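Coordinates in review
Listed below, chain by chain, are the residues.
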Amino acid sequence: MKAFLPATMRTLSAVTLASLLSTVASAAFAETSPLNATPDLHQVKKKASKPTPSAPPALSQTRADSAYDALTTGTPTYNSVVADRSNSDIYGPGEITVYGTPHRNALVGNSTLSADAIYTLNKNTLDEAANLIPGVNAANTGGTRNERTILVRGFNRFQVPLMVDGIRIYLPADNRLDYGRFLTPDIAEIQVAKGYASVLDGPDAMGGMVNLVTRKPHKELEGELRGGSMLGHDGGYSGYNVFGLIGTKHEKWYAQANFAINNVDHTDLSSNYDPTPSQGKGKRLLTDSEDWRVNFKVGYTPNATDEYTINYTRQSGEKRAPFSVTDSVSAQKDWTWPAWDLDSLSLTSRTKLGDRLTLRSRLYRNTFYNLLRSFDNADLNTQTKAKAFNSYYNDTAWGGNVRLDAELSRQDTLGIAFYGRRDEHSENEQVFPSGAYQPTVSSVEESYSIAGENVFRFLPNLDLTTGVSYDWRVLDKAQGYSGGIIHYPTRNRGAPNGQARLSWRPDKVSELHISVSDRVRFPTLFERFSTRFGGAVSNPGLRPERAQNYELGGSHTFGNIEVAGALFYSHLTDLIASFPVQYNGTTVSQSRNINSGNYAGAEISLAIPVRKDLLIGGNYTYTHQDVSAPGSSPRYRPTDVPSHKAFAYVEWSPIKKLRFVPNVAISSNRWTMNSMGTTYFRTGHNVNISARVDYQITPNVQIGANASNLLDQNYQMVGGYPEQGRNFYVNLKISG
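Residues numbered from 1 in each chain as written. Predicted model: local features only at pLDDT ≥ 70, side-chain atom pairs only at ≥ 80, totals over all residues. Heavy atoms only, no water.

What follows is about the overall build of the protein. Across its full length, the protein carries five helices and 38 strands. A total of 736 residues make up the protein; the buried ones form 58% of that total. Of the roughly 29000 Å² of accessible surface on the protein, a fraction of 59% belongs to carbon and sulfur atoms. (Helix = DSSP H or I, 4+ residues; strand = E, 2+ residues; numbered from the N terminus. Buried < 20%, exposed > 50% of the residue type's maximum accessible area, 1.4 Å probe, protein only. Areas by Shrake-Rupley, 256 points an atom, 1.4 Å probe, with all protein chains shown as cover.)

Rendered as structure tokens:
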């Protein structure tokens, strides 16, 4: 295999091997370490939640020189805006590793976003919420699919896996996740691992990972009910959302149930929008949607360290797709999605096998059902022409992972993990005008990863983390349809990964780090085989794409002012992109491995607590992308990422019980493409000024109002699809 390992990978493998050898030597001569040493300076203090009965004492305490504590999720290396994690509603077994230092004052962290920030800033879907985090930007696919997505330091949704409670949400056919379908009211925290994602958390993290951690109860009895109404720029009704939760926590068990509904009747365009033949002023056509989500979890906690849970989530959505405002009505595709449904059932365990040995596991079953309907015309009421069809997707995934963390000496810890998943995809299509159903075709693919990560603590304030993994895919079956069932050639792929991170904490309020990560991403079935309704040709030999990510960063607290920042650079090879080609005299597209690319940029975030009742904060991101794609015409441009992106907020309580949060989001222009795929151009920049006000009527009742896009700017993130104009939101929240 060595001949196939990249130079970076070989170097990291050598570093890890040396570290493991030092582990064996040190373990042989290490003395038993004291358990009552001074806690790590960056360890978040634990407090018993009240009024919940106190749990039994843990078997051991955090030690300042323990590498084991640096490896365990939720400890010093974890970056969160939640100061007291033991008293939060974060579902611990659902976390992934995100490196950094805790933020004490910030409303928006540099890699995480809390439930309070999501609620305060009125972000009801994942794309809206994640857009607040530096290095992350929201985007719109445009076109007939009407999908919302996010990019992390320039890496798209295919290159940055999405997880919910540590379990990957993956659509085996094309993985074209619509982030606008993921609701946020039951999310305790959004975690974003940017560039460097631990190999222990799973494969395909070429550009990082995004994880949604759901809520869990932290009181003996708790409940919450929210309701709100969306209003257009003239104050007219445009939709509603509702959220409810009830939970209980006891010494040895907890249980919770919650639901969320988001119903959008329509969105309003800016009053500065100029009408076209396909879209007039005012109400944006075909923007209605409805999504709902339920979550149930039951946990057993026999002691302070072990936890066993059953977790079930189901979400369902339906939507339509607005037209491009620049194309004629006759040129548009009349598509709707009556069903966009996901569910997940998981069993999670965490068992402390010894004083410094912990076993974690997850087993899960995910399903996805999707219906895409194409109609004859914009009225969406008949299916009699050849352009009409009903396309059905049914997916099932069975998977799991197991992870063992062991302290081999007081300075050295090893984590090993195995990940396995089997995805079964089936699809069929009803065609018109005959109304006949084509035969069902199916595909089966298995994904595996074996990983090891070592943390060596040279000094109490100096850690070296190294990790290696090997990911592989086994394609058992791949079918398509074109006048008959096509059996595509199957081909298995495997690739190594490696990473290293050095972290130094010179004092209590400072952290510096440097990291390198070399990861791959395997192509989807769609990229290899899909004909895209006759608009593409297959490429079974498509290779995995790879990125080497480098980061130099740190954080420091100047008095009460918190500052964190990073410089990042990524070199990408074998990038997968869609290219126009001639096939039987017709121009179609084909997914190909283009040459290479380079992404570079910088991030900074800060929080300034001016007074007890006044907080100022914000972040800024600069991103530059350059991709080499010889032979592409027009010249290939990375789309959807603004060069400059900033967010700033003020959190002010002028009087008791009243909170006022004005904020502004600024984005420079970004590359996009016309609907014909023949021309790249830049969209205009935008300045989105918003404001939120909340009033606490009683300790359990709060009312609030929010205004967004106060300048009523007419802007677009993708060509032909203007964003929402000025809009308002009012809500009531009851909790206890």
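All right, on to the pairing of strand E2 (residues 136–140) then. Extensive coverage of E2 is indicated by the burial of five of its five residues. Of the two faces of E2, the one holding Val136, Ala138 and Asn140 and the one holding Asn137 and Ala139 are both buried throughout. The pairing of E2 with strand E3 (residues 148–152) spans five bridges and is antiparallel. Paired with Asn140 across the strands is Arg148, a residue of E3. (Pairing = 2+ DSSP bridges.)

Below, the discussion takes up the pattern of salt bridges. Scanning the entire structure with this criterion turns up 45 salt bridges. One salt bridge in this structure joins Arg521 and Glu527, with 2.8 Å as the shortest N-O distance. An identical accessibility class is assigned to Arg521 and Glu527; each is buried. Here the salt bridges do not stand alone but share partners, grouping Asp116, Glu651, Arg659, Arg692 and Asp694 into one network. (Salt bridge = Lys/Arg side-chain N within 4 Å of Asp/Glu carboxyl O.)

The subject of this paragraph is the side chain of Thr305. The residue Thr305 is located in the loop between strand E13 (289–300) and strand E14 (307–320) in this model. Within the structure, the side chain of Thr305 is placed 3.1 Å from the side chain of Asp306, a separation counted as a polar contact. (Polar contact = N/O pair within 3.5 Å; in protein donor to acceptor, adjacent residues only side chain to side chain.)

Here we come to a nonpolar patch on the surface. Side chains of Leu225, Phe259, Tyr695, Ile697, Ile703, Leu732 and Ile734 sit close together on the surface and give an oily, nonpolar patch of about 550 Å² of accessible area. Those elements that provide at least two residues to the nonpolar patch are strand E34 (686–698) and strand E38 (727–735). Here Leu732 shows up in strand E38. (Patch = residues over 30% accessible without salt bridge, like charges linked within 9 Å, V, L, I, M, F, W, Y side chains within 5 Å.)

Taken in spatial order, the five strands make up an open sheet running E1-E6-E7-E4-E5, and their pairing is mixed. Single-partner strands in this sheet number two, and they are strand E1 (112–114) and strand E5 (167–169). Here the average twist between neighbouring strands, direction ignored, is 25 degrees. Relative to strand E6 (residues 187–194), E1 runs antiparallel, the two sharing three bridges. Bridging from a neighbouring strand, Thr112 pairs with Gln191 of E6. (Axes fitted to C-alpha atoms, helices over the stretch in contact; angles between N-to-C directions.)

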